[in-house]
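Structural overview
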Amino acid sequence: AALMGIATAVRRYKTDRRARLSTPLRALTVGTADESLRAALSAAALDIRSVTRAEEVRLVATLDGLDIEIPETPGLRIHIAE
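A brief look at the structure comes next. Nothing here was measured: the structure is a model prediction, and the numbers come from that model.

Conventions adopted
- Within each chain, residues carry numbers counting from 1 in the order of the written sequence.
- The model is predicted, so local features are restricted to residues of pLDDT at least 70 and side-chain atom pairs to those at 80 or more, both for listing and for counting; the totals for chains, interfaces and linings are taken over all residues.
- Water and hydrogen atoms play no part in the side-chain values, which are based on all heavy atoms of the structure.
- DSSP calls a pair of strands paired once it identifies at least 2 bridges connecting them.
- Note on conventions: DSSP H or I runs of at least 4 residues are helices, E runs of at least 2 residues are strands, and numbering of each starts at the N terminus.
- Any two residues having at least one pair of non-hydrogen atoms within 4.5 Å are treated as being in contact.
- Interaxial angles span 0 to 180 degrees and are taken between N-to-C directions of axes, which are lines fitted to C-alpha atoms, for helices over the stretch in contact.
- Here roughly perpendicular refers to angles of 65 to 115 degrees, roughly parallel to angles under 35, roughly antiparallel to angles over 145, and oblique to all remaining angles.
- Left-handed describes a crossing whose near helix is turned anticlockwise from the far helix by less than a right angle; the clockwise case is right-handed.

**So, the sheet that holds strand β2 (residues 57–60)**
Across the sheet, 4 strands lie side by side as β2-β1-β4-β3; this open sheet has mixed pairing. Bordering the open sheet on either side are β2 and β3 (68–69), each of which pairs with just one other strand. By the bridge criterion, 6 bridges tie strand β1 (residues 27–32) to strand β4 (residues 76–81) in an arrangement that is antiparallel. Paired with Leu28 across the bridge in β4 is Ile80. Most of the contacts of helix α1 (residues 2–16) go to β4, to which it runs at about 40 degrees, and overall it touches β1, β3 and β4.

**A look at the packing of α1 against helix α3 (residues 45–52)**
Running from N to C, α1 and α3 point in directions that differ by 25 degrees, and their axes come no closer than 10 Å. By the angle between their axes, α1 is roughly parallel relative to α3. Both α1 and α3 take part in a crossing whose hand is right-handed. Every residue of α3 that contacts α1 at Leu3, Ile6, Ala7, Val10 and Lys14 is listed here: Asp47, Ile48, Val51 and Thr52.

**Quick look at the environment of Ala1**
By secondary structure assignment, the location of Ala1 is in the segment before α1. Residues Ala1 and Ala44 lie 43 residues apart in sequence; the distance between their C-alpha atoms is 12 Å. Other than its neighbours up to four places away in sequence, Ala1 contacts Glu72 and Thr73.

**Thoughts on the environment of Pro74**
Here Pro74 lies in the loop between β3 and β4. In sequence terms Pro74 and Thr8 are 66 residues apart; their C-alpha atoms lie 15 Å from each other.

Nothing here speaks to function; it is all geometry.
Okay, here's the thing in structure tokens:
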């Protein structure tokens, strides 16, 4: 659910800005205080990069500064750097 939520949020972000879905992102920061979720997302980092077209995926243990909430997974937020 978390991976799908991240992909959906990035698609929505790009669509809202009238960007092509294939447009690369400079960085995607993914934050959650849940250690087991962070470990699972770390294992899926290559998939996250591929789906979102992010050049870099950063996983952090805080939600500070992360402006996009992932409603499918409470406690998970992202920040997109173009």
